[in-house]
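Chain by chain, the residues:
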Amino acid sequence: MRLLFSSFLKNGNRFRTVVSPFLFRKAAHSSIAHDIGHIPLGKNESLIFLDNLVNTPTFLNIQRYAAFLFQKNLRNQIQRAFPSSPSFHLEDVIFRWQDGGAFLKVRYAETDEDTEKMYAIIRDAFKERPVTSLLHPFSRPTPHIVYGRPWLQDLYAFPARTIELNFEGPSLSQEKLYSIFRKYGKLRSVEVVSPEGAILKFTSLRAATSALNCMHGFRMNDTKFHMRYRHTNRFLSIKDWLVSHPRFAIPLIAALITVITASLFDPMRRFFVETNIVHGQTLRNIKLFSWIKKTRDIVFKPFQDSDLEITPIWTTREKDCQKLEEWLDEALHSFIVVQGPRGSGKRDLVDRAVGNRKHVLVFDCDRLFSGANEGMFVSSLASQTGYFPLFSFLNNLSSMIDMAAQGLIGQKTGIVSSAEGQVRQILSTTQTVLRKLALDEHKDSEHSNVLDESEYLEVHADKLPVVVLDNFQLRKLNNPMQHMVAEWAGNLVKEGVVHVLMLTPDVGGTKTLEQYVGGWENRTLLLGDADPLLAQRYVLDSIPKEIRTERLEKELKKQLPKIGGRLRDLDYVARRLRVNNSSVSDAIGGIISQNTSDILQSFLRSNSLSFGDDKKPLYTSEQAWILITLLSQHEHIPYHKLMLDPLLKGHDDAVRALEEDELITITSVNARPDKVFAGKPVYVTAFQQLVNDSILRAAMSQARCNAIIRLCNSAIRTDEEELQLLKGLGNFESGMKERARYLLARIKKNQGVIEENEKLGERFTAELNSNE
């Protein structure tokens, strides 16, 4: 057969995969085993049975089919664990999923080595390097010598703890049988029921399967053993009915699970969601919790979050706050969108506007959508809504049950709990609770008989719950989960059940939200950076009167333009002046140094760049350096001119990734990218500081030259391959000659660019050496 197979490999044109002899032997044995019922053994071959690789299958036989997924891994582990010896070696592995183990076919040299000695070596090796299986993680398989001739049948017979033993020849005594079979595991009983047979009851399936596979066909003197499993009749009628009527049994079980979930867990989940919405704000307002939060912020985040109690709101924001409160008192069928860059005070403004509301549900979208997989998103969504209990670990199990049911009855059971299904269930439960809270006072209202529910919601819009989606990024609406949350929020708005506030760092793009609210125009509030005079006043109002001096005011007027009017940065300055008694130059210098260090670590170090799903960086440090260099010299860059740079041409995705990581901000005109600005005002000063660093400038410029050289070399190789292809075609026609001239011109041009950048690179290398 091997000769035929080799001939087929040599002569067959369609079959070109080289299969190892080991895999071929595996396939051969698999085909032979169920034809003749036994494993063929040569003169110098013997069998070892390795038990308990997987749990033995149940009557649904799911385990047997699932085990095939782990076959390759288990085979590799067995080969690694098997001892290396000059006198014997592993010939083949024949899995026996029905019994939860595998036969190891061992070939040994023509020596007089004792079989027991060989078995001891193999047993010790498997103790040192145990085989592990996800299908049976808490056990370690044990090898056993096969004394008999195992029967490899594929009948519909599952392992049992009871074995029926038939004698072919004289019978054996109870004591003799006990001494033979006790080594495989503890025996519950040994009964010699007749001269022709006995019943062996083991305490575990592991012992029973090992005994049957090792001793079936064993001949002791004139007696030969014939063994088979014997099942008890416990619950036999119920099992037979379930097996015989899967079209009724499986949907019935699914319906039972659904009823239990709906009657027991759904009310519990609604209770926890309602508690989170109603009492979450109350708990946050308790003095003890507020004191703990303030202490945590001072100790762990002294220069990040703004403090609502000690930070006065800007004069211009008072009008914005009033406008926001007016919108929350009106009956709207659209989103309220608060736009502004990060650190511009959006959350500060919204917290003040909804501070007196009874029912407020806040989603932190940064944490919600930052998960690496759908499971993390589901867990975060459940945590933020208060949804409990969440059985996310049952997803895989329910999927396997559904797949098995589809194979048995030709249809799904409907009990699969996918991530998307769980998200919809969480949002549906939250929507039910929000509607209940909105209509809580409807029955007790004086006009309950006059106004229906929708009219009541229109009249009492000032009492509606508020849902806040903080840091909701409009440019990521193509994310299925974010799209689902936006669609859910739109349904709430269209029903008039709640007011939805969207806080987004993306300027523009609110038109994309109109699809979720039936085309209604959204109410938009745009927050920007403060002008220098207002920024100066804000800092002065945030510090004690005793440290406000004329000199301090002059310093602020001179230094504040370096960091712009971003609220978070102004809070940093105010805290440094108030808490540390720092000078203005030290406080502002600290902000610039911190941002400079962040840019250097996040964008100019190759090991800290953002990576996409394909494990490739979304942009390179050289591309980030181009933007840093240009924005250190200009307030903004025209987008179309920026894309003419050789390292950015055709890489719009890299520029968009830099915008998502907040290094830059891109404005649009008629949905077309127009201008590129620094991500925040302080970045302009940070960019200048980075560019003025001679060592960094030389190193990054050298890296840019190297990147351009690599780009040109790649283009030259492509052109050379095409020229080689044209050469192989023989006589050139006129069109081919023109193409060849074009390719040669391109090669010459790219070679000139390479030589130019090599000279520049040598100059930058000299600069680096001189700085040392």
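Analysis parameters
- Residues numbered from 1 in each chain as written.
- Predicted model: local features only at pLDDT ≥ 70, side-chain atom pairs only at ≥ 80, totals over all residues.
- Heavy atoms only, no water.
- UniProt positions renumbered as here; feature names shortened; annotations may be inferred.
- Buried < 20%, exposed > 50% of the residue type's maximum accessible area, 1.4 Å probe, protein only.
- Helix = DSSP H or I, 4+ residues; strand = E, 2+ residues; numbered from the N terminus.
- Pairing = 2+ DSSP bridges.
- Phe/Tyr/Trp six-rings, centres within 6.5 Å; stacked < 30°, edge-to-face > 60°.
- Salt bridge = Lys/Arg side-chain N within 4 Å of Asp/Glu carboxyl O.
- Axes fitted to C-alpha atoms, helices over the stretch in contact; angles between N-to-C directions.
- Contact = heavy atoms within 4.5 Å.
- Arc of directions from axis to C-beta.
- Parallel < 35°, antiparallel > 145°, perpendicular 65-115°, else oblique.
- Left-handed = near helix turned anticlockwise from the far one by under 90°.
- Nonpolar A, V, L, I, M, F, W, Y, C, P; charged D, E, K, R; others polar.
- pLDDT = per-residue confidence, 0-100.
- Patch = residues over 30% accessible without salt bridge, like charges linked within 9 Å, V, L, I, M, F, W, Y side chains within 5 Å.
- Areas by Shrake-Rupley, 256 points an atom, 1.4 Å probe, with all protein chains shown as cover.
- Lys, Arg positive; Asp, Glu negative; His and termini not counted.
- Charge placed at Lys NZ, Arg CZ, Asp CG, Glu CD.

Where an unreviewed UniProt entry is consulted, the protein chain appears under the name Mitochondrial escape protein 2, with the organism given as Schizosaccharomyces cryophilus. For the record of the protein chain, the UniProt heading Sequence similarities (unreviewed entry) holds the text "Belongs to the YME2 family."

Engineer: Just give me the short version of the pairing of strand E5 (residues 162-168), but keep the residues and values in it.
Structural biologist: Side-chain positions along a regular strand alternate between the two faces of the sheet. Summarising burial for E5: five of the seven residues are buried, a large majority. In the sheet, E5 pairs with strand E7 (residues 197-202) via five bridges, with the strands oriented antiparallel. By the bridge assignment, leucine 165 is partnered in E7 with alanine 198. Across six bridges, E5 lies against strand E9 (residues 223-229) in antiparallel orientation. Bridging from a neighbouring strand, phenylalanine 167 pairs with phenylalanine 225 of E9.

Engineer: Any details on the packing of aromatic side chains? Residues and values, ideally.
Structural biologist: Inspection of the entire model under this criterion finds 14 aromatic pairs. Measuring from centroid to centroid gives 5.5 Å for phenylalanine 369 and phenylalanine 377, while their planes differ by 20 degrees, and the two rings are stacked. The pair formed by phenylalanine 369 and phenylalanine 377 is uniform in burial state, with each residue classed as buried. Measuring from centroid to centroid gives 6.5 Å for phenylalanine 369 and phenylalanine 472, while their planes differ by 80 degrees, and the two rings are edge-to-face. Taken together, the residues phenylalanine 369 in the loop between helix H13 (365-368) and helix H14 (374-385) and phenylalanine 472 in the loop between strand E12 (466-470) and helix H18 (480-495) connect sequence positions 103 residues apart.

Engineer: I'd love a proper account of the pattern of salt bridges, names of residues and values included.
Structural biologist: Applying the stated criterion to the full structure yields 30 salt bridges. Residue arginine 107 pairs with glutamate 91 through a salt bridge whose shortest N-O separation is 3.6 Å. Residue arginine 107 is located in strand E3 (residues 101-108), and its partner glutamate 91 is located in strand E2 (residues 88-96); the two are separated by 16 residues in the primary sequence. Residue arginine 107 is classed as partly exposed on the basis of its relative accessible area, which comes to 32%. With a shortest N-O distance of 3.5 Å, arginine 269 and aspartate 266 are connected by a salt bridge.

Engineer: Summarise the sheet that holds strand E1 (residues 45-50); cite the residues concerned and give the values.
Structural biologist: Reading across the sheet, the four strands line up as E2-E3-E1-E4 and stay open at both edges, with antiparallel pairing between neighbours. The open sheet terminates on both sides in strands that have one partner only, identified here as E2 and strand E4 (143-145). Mean inter-strand twist for the sheet, computed between neighbouring axes without regard to direction, equals 30 degrees. Pairing geometry for E1 and E4, over three bridges, is antiparallel. Note that in E4 the partner of isoleucine 48 across the bridge is isoleucine 145. Along the sheet, helix H5 (residues 115-128) makes contact with E1, E2, E3 and E4, crossing E4 at roughly 170 degrees.

Engineer: Tell me what's going on with helix H4 (residues 71-81), and back it up with residues and numbers.
Structural biologist: Structurally, the α-helix is built with 3.6 residues per turn, so residues lying three or four positions apart point the same way. All buried positions along H4 are accounted for by Gln71, Leu74, Arg75, Gln77, Ile78 and Ala81. Buried residues in H4, looked at end-on, bunch into an arc of 165 degrees, giving them a common side. More than 90 degrees from the buried face of H4, the exposed residues found are Lys72 and Arg80.

Engineer: With reference to specific residues and values, describe the environment of glycine 386.
Structural biologist: Among the structural elements, glycine 386 can be located in the loop between H14 and helix H15 (395-409). For glycine 386, a relative accessible area of 15% gives the class buried. Residue contacts for glycine 386: discarding those within four places in its chain leaves Phe272, Val273 and Asn276.

Engineer: Give me the packing of H14 against helix H16 (residues 419-438): which residues, what numbers.
Structural biologist: Contact pair H14 / H16: the axes reach a minimum separation of 9 Å and the direction vectors enclose 10 degrees. It follows from the interaxial angle that H14 and H16 lie roughly parallel. H14 and H16 meet at a crossing whose hand is left-handed. Here H14 contributes Glu374, Phe377, Val378, Leu381, Ala382 and Thr385 to the contact with H16, which in turn contributes Ala419, Gln422, Val423, Ile426, Leu427 and Thr430. Split by residue class, the contact of H14 with H16 holds eight nonpolar, three polar and one charged.

Engineer: Just give me the short version of the confidence of the model for the protein chain, but keep the residues and values in it.
Structural biologist: Scored by pLDDT, the protein chain has a mean of 81; 79% of the residues are at 70 or more. The low-confidence segment residues 296-313, where pLDDT is below 50, has 30 contacts with residues more than four positions distant or belonging to other chains.

Engineer: I'd like a rundown of a positive patch on the surface, residues and numbers included.
Structural biologist: Together, Arg161, Arg182, Lys186, Arg188, Lys201 and Arg230 line one region of the surface with positive charge. For lysine 201, the location among the structural elements is in strand E7. When its relative accessible area of 32% is taken as the criterion, lysine 201 is described as partly exposed.

Engineer: Hey, could you go over the environment of lysine 649 for me, with residue numbers and the actual values?
Structural biologist: Relative to the elements of secondary structure, lysine 649 occurs in the loop between helix H24 (639-642) and helix H25 (652-660). Lysine 649 has contacts with Met643 and Leu644, leaving out every residue within four places of it along the chain.

Engineer: Which residues make up the sheet that holds E7, and what are the values?
Structural biologist: Spatial strand order, E6-E7-E5-E9-E8: five strands in an open sheet with antiparallel pairing. Both outer strands of the open sheet, strand E6 (187-194) and strand E8 (219-220), are each paired with one neighbouring strand and no more. With five bridges joining them, E6 and E7 adopt antiparallel strand pairing. Among the inter-strand pairings, serine 189 is bridged to a residue of E7, identified as lysine 201. Set on the sheet, helix H6 (residues 174-181) makes contact with E5, E6, E7, E8 and E9; between it and E6 the angle comes to about 140 degrees. Across the sheet, helix H7 (residues 205-215) is in contact with E5, E7 and E9; its angle to E9 comes to roughly 140 degrees.

Engineer: Any chance you could break down the environment of arginine 182 for me, citing the residues and the numbers?
Structural biologist: Secondary-structure assignment places arginine 182 in the loop between H6 and E6. In the structure, arginine 182 is positioned 29 residues away from alanine 211 in sequence and 9.1 Å away in space, judged by C-alpha atoms.

Engineer: Could you give me a rundown of unusual backbone geometry, with the residues and numbers involved?
Structural biologist: Between phenylalanine 388 and proline 389 the backbone carries a cis peptide bond, its omega angle lying at 0 degrees. Mapped onto the fold, proline 389 is located in the loop between H14 and H15. In this structure, asparagine 221 is a non-glycine residue whose phi angle is positive, near 60 degrees. Turning to its location among the elements, asparagine 221 is positioned in the loop between E8 and E9.

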